[in-house]
Amino acid sequence: MESTTLVAPDISCEHCQHAIEGAVGKVEGIKNVTVDIPAKTVHVEYDPKLVTEGKIEEVMDDAGYTVAK
């Protein structure tokens, strides 16, 4: 397992948290997703054999939350 913390400046409320956790959590290879609303971050634990960080960012973008670079 690997982990990453992504910054998503558009996170502002519990709706955002549930939307991100729901979208990213459905991806094969994702073990855990934790959204920190005040910090505007998303911590993801994942299996790099099944999913890439780029794919996680793509899923977040599709859900309406752009990852800051």
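This structure is a prediction, so every number in the text was calculated from the model and none was measured.

Scoring rules and cut-offs
- Residues numbered from 1 in each chain as written.
- Predicted model: local features only at pLDDT ≥ 70, side-chain atom pairs only at ≥ 80, totals over all residues.
- Heavy atoms only, no water.
- Core = buried A, V, L, I, M, F, W, Y, C linked by side-chain atoms within 4.5 Å.
- Buried < 20%, exposed > 50% of the residue type's maximum accessible area, 1.4 Å probe, protein only.
- Helix = DSSP H or I, 4+ residues; strand = E, 2+ residues; numbered from the N terminus.
- Contact = heavy atoms within 4.5 Å.
- Arc of directions from axis to C-beta.
- Salt bridge = Lys/Arg side-chain N within 4 Å of Asp/Glu carboxyl O.

Q: Looking at this structure, I do not really get the nonpolar core. What am I missing?
A: A general tendency of soluble globular proteins is for nonpolar side chains to be buried together. Counting residues in hydrophobic clusters, the biggest one holds 19 residues, and the most contacted among them are I20, V24, I30, V42, I56 and M60. Listing elements by their share of this core, those giving two or more residues are helix 1 (14-25), strand 2 (30-36), strand 3 (41-46) and helix 2 (53-62). When neighbours within four sequence positions are excluded, M60 is seen to be in contact with L6, A8, I20, V24, V42, Y65 and V67.

Q: Looking at this structure, how should I read helix 2?
A: Spacing of three or four residues puts side chains on the same side of an α-helix, whose turn is 3.6 residues. If you check which residues of helix 2 are buried, you get I56, E57, V59 and M60. End-on, the buried residues of helix 2 take up no more than an arc of 160 degrees, which puts them together on one face. Remark: G64 follows helix 2 within two positions and exhibits a positive phi of approximately 100 degrees.

Q: Help me out: how do you make sense of the pattern of salt bridges in this one?
A: When the charged atoms of two side chains lie near each other, side chains of opposite charge can form a pair. Counted by the stated rule, this structure contains 2 salt bridges. Here E58 and K55 are joined by a salt bridge, their closest N and O atoms 3.6 Å apart. Of this pair, E58 and K55 both sit in helix 2, 3 residues apart, which is roughly one turn of the helix. You can call E58 partly exposed: its relative accessible area is 42%. With a relative accessible area of 36%, K55 lands in the partly exposed category.

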